[in-house]
Every structure is written in C-alpha cells, then in structure tokens.
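Single-letter residue listing:
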Amino acid sequence: MKTYATFIVTHEQMALCLQRATEKILGEQKNLFPYTNLEDSLPVLAEKIKKNIEEVKPDQIVFFVDLAGGSCWNLANMIHKQHHNSTIIAGVNMPMLISYFTNLNEFPFNELIEKVIKDGSRGIVHVEG
Amino acid sequence: MDVQLFRIDDRLIHGQVVLGWAKPLKSERIILCDDEVSESEWEKELYCTCVPDHLLALVCNVDETTSLLTKITHPDDRTIVLVKEPRVVMDIVNKGYVPGTINLGGLHYSDHRKKYLSYIYLKDEEVNQLHWLLDKGIRIYCQDVPTSKAVDVLHLINKRN
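From a predicted model like this one, the values you see are computed outputs, not experimental measurements.

Analysis parameters
Residues numbered from 1 in each chain as written. Chains lettered and ligands numbered in written order. Predicted model: local features only at pLDDT ≥ 70, side-chain atom pairs only at ≥ 80, totals over all residues. Heavy atoms only, no water. Helix = DSSP H or I, 4+ residues; strand = E, 2+ residues; numbered from the N terminus. Rg over C-alpha atoms; globule rule 2.2 N^0.38 Å. Contact = heavy atoms within 4.5 Å. Lys, Arg positive; Asp, Glu negative; His and termini not counted. Charge placed at Lys NZ, Arg CZ, Asp CG, Glu CD. Pairing = 2+ DSSP bridges. Axes fitted to C-alpha atoms, helices over the stretch in contact; angles between N-to-C directions. Salt bridge = Lys/Arg side-chain N within 4 Å of Asp/Glu carboxyl O. Buried < 20%, exposed > 50% of the residue type's maximum accessible area, 1.4 Å probe, protein only. Phe/Tyr/Trp six-rings, centres within 6.5 Å; stacked < 30°, edge-to-face > 60°. Buried area = accessible area lost by both parts, 1.4 Å probe. Polar contact = N/O pair within 3.5 Å; in protein donor to acceptor, adjacent residues only side chain to side chain.

**Student:** Where do I start with the overall build of chain A in this structure?
**Tutor:** Across its full length, chain A holds five helices and four strands. The N-to-C order of helical and strand elements in chain A reads β-α-β-α-β-α-β-α-α. Relative to the 2.2 N^0.38 estimate, which gives 14 Å for 129 residues, the radius of gyration of chain A is 14 Å and therefore close to what a compact globule would have. Each principal axis of the C-alpha distribution contributes one length, and for chain A these read about 45 × 35 × 25 Å. The contacts in chain A between residues at least 6 apart in sequence include a share of 72% that link residues at least 24 apart. If the 12 positive side-chain charges of chain A are averaged to one point and the 15 negative ones to another, these points end up 3 Å apart.

Written out as structure tokens, the structure reads:
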C-alpha cells in the first residue's frame, strides 16, 4: 500500500472545517494536514508542510486548495516544484474529499485523481427554481 | 503621477488583489515588481497564469518598474503596483519615483516579525523602513481589502512601540 500525505490549504478556517466535516462522515483519516493562510507567511507555511512531508515520507503528496490563482495555490505550486510526487487540485469541496478518502489505495494514483475530480464536479447539483 | 494602488503584499498576485481590489477599482494593469520573480520564468508564469484576461499582468524588476512609473502622466491611471516588502519601495524611491500613498496590504508572520494586525506582522527593521518612507512624505495606510477599515500606519506603529 502506498503512503499518502494529504494537505488541505485554504483561506480562513475552511481547511480545518473540511477536515472535521470529512472525518465526521468517514472517521479519522491518516496523514491529513489542514492549513490556513490566515496569519503565516508563505515561507513559514512551506516549512511546516515540508516538515510533515519529512515525517510521513509519503509515496504521493496531494494538495487540495480552495482557489486556483490564490496564495494557497501559489504555495502548493512552489512545493510541487520541489516534490515531483505531488499533485494539486483546486476548488476543493466535500464530495471530492469524500471520494478521495473512500477510494485511496483502491485505484492507481492517476485514476484516483481523475475520479476525485469527476466526483467533485458531480457533487455540484442544481435544483431548478 | 500616482497609480491607483501601490501595495506592499508578501503574497504578491493573489485573490485579494485580483478580485478584491482590481474589480472595484476597474484596474487595467498589474505590475508585480520583484527582482527575484522577474528572473524566474517559472515564477512569472505561476503568478500570471490565473490573472483574468481583462487585466494585463507585468512582472518587472525595480529598474523597469521605476521607468514605467515615471512615464505615467494620466491622472486616472488604472495600474496596481505590487511589491513584497517595504525595502522594495525604498529601492524604487531611490531610483527616482516617489509614490504619494502606499497600501500596506499584507505582511504575514515569519521569524522576528511582531503582530500589528491579523495581516500585518513587522520586523523592527521593517518599522524603520516604513519610517524612512513616511519621512519622504509618503502616506501609508493598512487595509487588506477595500471593504475593511483603513488604519493609518503611524497610528499602528506608535501604538505598539
């Protein structure tokens, strides 16, 4: 089984809330690290994330960020550049996190990511008014 | 001539700038002024990729930025200038362009920085740099997004020290 390190990086407390909400449904998840960009500068956040990576020594690193083009996205890209076993998904939502943790180690990595993105989109449902 | 927004923000181009400020200000151009970023093709691309099409994003070093800024003659110029720390503004001033007003929009926590506001942490050295800029007659205010309350930097510095 592969070891994953998963980071949720967002504005405000959204990352922590997404972790709590996901774990409320699926139970505690291993090596899941939520970070907010609220007060720390990006180099400080990068150091914390690198420390997690050193501790976990993951085969794969996955970043979920809230907004492409935002500072969390920029940060994830900076770390991605140094860690080729990492991937970034922007636009994080509950359906994609649930899909991700439910299917971890069920699919080869590329297929997992493809599925997670698909399930994240499928989770956006509209009831016409 | 002044630009619309001359902002110190260690996150450079990000949501607060592109969405929070550029939209209400109806900006046309963002100049990211940073010697290091301007040397890195990869970083330039990273910062500019997500900028909406209606905004022109330029990454310039201090010399290029100063030269662009001194050429602005229109009183209603729609440019946002972004630098990551007060030191860069000093460099621009020393090269010959003095902004009238500076927005201190985000300097986040790192070693040796003390907290002033949730989005403003400053090293003592940076406080001195802000004083240097104030002595040049530049007005400096803190404000992360247009809808939040602007705080005069002098008030902030004096209150703490």
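**Student:** Explain the sheet that holds strand β3 (residues 60-65) of chain A here, please?
**Tutor:** Strand pairing in a sheet relies on backbone hydrogen bonds. The paired strands run either parallel or antiparallel. All names here are of chain A. Strand order in the open sheet formed by four strands is β2-β1-β3-β4, and the pairing between neighbours is parallel. The open sheet has two edge strands, β2 (32-36) and β4 (86-90), and neither has a second partner. Across the sheet, the axes of successive neighbouring strands diverge by a mean angle of 20°, strand direction being ignored. Alignment of strand β1 (residues 4-10) against β2, held across five bridges, turns out to be parallel. Residue pairing across strands places isoleucine 8 opposite proline 34, the latter belonging to β2. Contacting β1, β3 and β4, helix α3 (residues 71-82) crosses the sheet at an angle of about 165° to β4.

**Student:** Help me understand the pattern of salt bridges, please; the structure alone is not making it clear to me.
**Tutor:** For side chains of opposite charge, pairing can occur when their charged atoms come near one another. Evaluation of the coordinates by the stated rule reveals 14 salt bridges over all chains. Of the charged contacts, one joins lysine 48 of chain A and aspartate 40 of chain A as a salt bridge, the two residues approaching to 2.6 Å between their closest N and O atoms. Residue classification places aspartate 40 of chain A among the buried residues on the basis of a relative accessible area of 13%. Across the salt bridge formed by glutamate 126 of chain B and arginine 113 of chain B, the nearest N and O atoms sit 2.8 Å from each other. Taken together, the residues span a long stretch of sequence, with glutamate 126 of chain B in helix α6 (residues 124-135) and arginine 113 of chain B in the loop between β5 (101-106) and β6 (114-117) at a distance of 13 residues. Put simply, Lys115, Asp119 and Arg122 of chain A are held in one network by salt bridges that share partners.

**Student:** What is the right way to look at the packing of aromatic side chains in this model?
**Tutor:** Aromatic ring pairs are reported here in terms of the distance separating the ring centres and the angle at which the planes meet. Residue and element names in this part refer to chain A. According to the stated counting rule, one finds eight aromatic pairs over all chains in the structure shown. Relative to phenylalanine 33, the ring of phenylalanine 7 has its centre 5.2 Å away and its plane inclined at 25°; by these criteria the two rings are stacked. Placement of the pair is phenylalanine 7 in strand β1 and phenylalanine 33 in strand β2, with a sequence separation of 26 residues. Taking the relative accessible area as the measure of exposure, phenylalanine 7 reaches 0% and is therefore buried. Classification of phenylalanine 33 by relative accessible area gives buried; the value is 17%. Look at phenylalanine 7 and tyrosine 35: their rings are 6.4 Å apart centre to centre, the planes differ by 25°, and that puts the pair in the stacked class. Highlighted residues: phenylalanine 7 in strand β1 and tyrosine 35 in strand β2, separated in sequence by 28 residues.

**Student:** Would you mind showing me how to read the interface of chain B and chain A here?
**Tutor:** Interfaces are frequently sized by the accessible area removed from exposure as the parts join. Between chain B and chain A, the residue contacts involve 17 residues of the former and 17 residues of the latter. Where chain B abuts chain A, roughly 1400 Å² becomes buried across the two surfaces, and 58% of that area is made up of carbon and sulfur atoms. It is Arg11, Trp42 and Leu46 of chain B in chain B that bury the most area against chain A; as a group they hold 40% of the surface buried on that side. Note that lysine 115 of chain B and glutamate 39 of chain A form a salt bridge whose closest N and O atoms lie 3.0 Å from each other. For the interface between chain B and chain A, the tally reads seven residue pairs in polar contact (both at pLDDT 80 or more). Where the side of chain B that touches chain A is concerned, the elements lending two or more residues are α1 (15-25) and α3 (41-49) of chain B. With four residues, α3 of chain B is the largest single contributor of residues to the side of chain B that touches chain A.

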